Structure formats: structure tokens, C-alpha cells
Amino acid sequence: MKSGLIDQLNLHGIDFFWGTDPDNPNAKYEIATATAPIVVSTIHSAKGLEFPRVILCELGRDGDDLETQRKLAYVGMTRATEELFVVTTTHHQLARDLVPSTAATSVA
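In this text, all values refer to a predicted model and were calculated from it rather than measured experimentally. (Residues numbered from 1 in each chain as written. Predicted model: local features only at pLDDT ≥ 70, side-chain atom pairs only at ≥ 80, totals over all residues. Heavy atoms only, no water.)

Things to note about the nonpolar core
So, point 1. Ile31, Ile43, Ala46, Leu49, Phe51, Val54, Leu56, Leu59, Leu72, Ala73 and Val75 together form the largest nonpolar core, which totals 11 residues.
So, point 2. Counting residues per element, the ones that place at least two in this core are helix H3 (43–46), strand S3 (51–57) and helix H4 (66–77).
So, point 3. Here valine 54 is in contact with Gly76, Arg79, Ala80, Glu83, Leu84 and Phe85, once residues within four sequence places are set aside. (Core = buried A, V, L, I, M, F, W, Y, C linked by side-chain atoms within 4.5 Å. Buried < 20%, exposed > 50% of the residue type's maximum accessible area, 1.4 Å probe, protein only. Helix = DSSP H or I, 4+ residues; strand = E, 2+ residues; numbered from the N terminus. Contact = heavy atoms within 4.5 Å.)

So, in C-alpha cells, the structure goes:
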């Protein structure tokens, strides 16, 4: 997701802040004080922060169990103070096979 998203934002000349460097001890402060109109972050990096609008995408990846997926979805959803958008799919591409997405049904 990272490279595709960055490529699209750059292609369209959209100013953004990428705030997900796990080795940066100041990442949370930098995310909270970013002046770019779009802040791209992981749910883990955004814990404890709030934003007027939040777009969640690609929930339920990386083989997390259902309970972990639900907890992460809850954390992501509660970052929004005004508007929340959830972008999901019913299937993920895994190698050459489409596999059902548990996030599409478990968050509802």
C-alpha cells in the first residue's frame, strides 16, 4: 500500500506527511503537529491522536486474528472527531488467489 499511495499523492501533486517511521521516537509528535493537509499513518502511530477526518483502508491484513483486527479497527475509528470513511473490499489478493476478507464482515 505505501508505495502505491505515495506514488498517487505525488502524481497528483497533493501535499502530505508520511508519519509512520517506527524508528522515529518523535513520530507521534510529528504526526500531531504536521501542517500538511493529509497525514498518512498507521493505526499504531495514530493511537492517542485525533483528526477531524479519518479514512481507514486495508483493514484486516497481515494474518491478524479476528480479535486483533477488531481492536485495531476500533482504535482507527475512534481517531475521527467529525467524519469517518472506511474503505474495504470483500476479497484480498493473496498471491494469485482471491481470499475472503474478514474485516469486511467483522467490523460491521
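Now, onward.
Some details on H4
So, point 1. A rise of 1.5 Å per residue sets the reference length of H4, with its 12 residues, at 16 Å; its end C-alpha atoms lie 16 Å apart and thus fit the reference within 8%.
So, point 2. If you check which residues of H4 are buried, you get Gln69, Leu72, Ala73, Val75 and Gly76. Projected down its long axis, H4 shows its buried positions confined to an angular sector of 160°, all on one face. H4 presents Lys71 and Tyr74 as exposed residues on the side facing more than 90 degrees away from its buried surface. (Expected span 1.5 Å × (residues − 1). Arc of directions from axis to C-beta.)

Regarding a nonpolar patch on the surface
So, point 1. On the surface, a cluster of nonpolar side chains totalling about 290 Å² of accessible area is made up of Ile55, Phe85 and Val87.
So, point 2. Topologically, phenylalanine 85 is positioned in strand S4 (residues 80–87). (Patch = residues over 30% accessible without salt bridge, like charges linked within 9 Å, V, L, I, M, F, W, Y side chains within 5 Å. Areas by Shrake-Rupley, 256 points an atom, 1.4 Å probe, with all protein chains shown as cover. Salt bridge = Lys/Arg side-chain N within 4 Å of Asp/Glu carboxyl O.)

A few points about the pattern of salt bridges
So, point 1. Summed over all chains, the structure comprises two salt bridges.
So, point 2. Where arginine 53 meets glutamate 82, a salt bridge forms, and the shortest distance between an N and an O atom there is 3.4 Å. In this pair, arginine 53 is assigned in strand S3 and glutamate 82 in strand S4, connecting sequence segments 29 residues apart.
So, point 3. Given a relative accessible area of 60%, glutamate 82 falls into the exposed group.
So, point 4. The partner of glutamate 83 in a salt bridge is arginine 53, and the shortest N-O contact between them spans 3.8 Å. One end of the pair, glutamate 83, is in strand S4; the other, arginine 53, is in strand S3, with 30 residues separating them in the sequence.

Worth remembering: the numbers are spatial, not functional.
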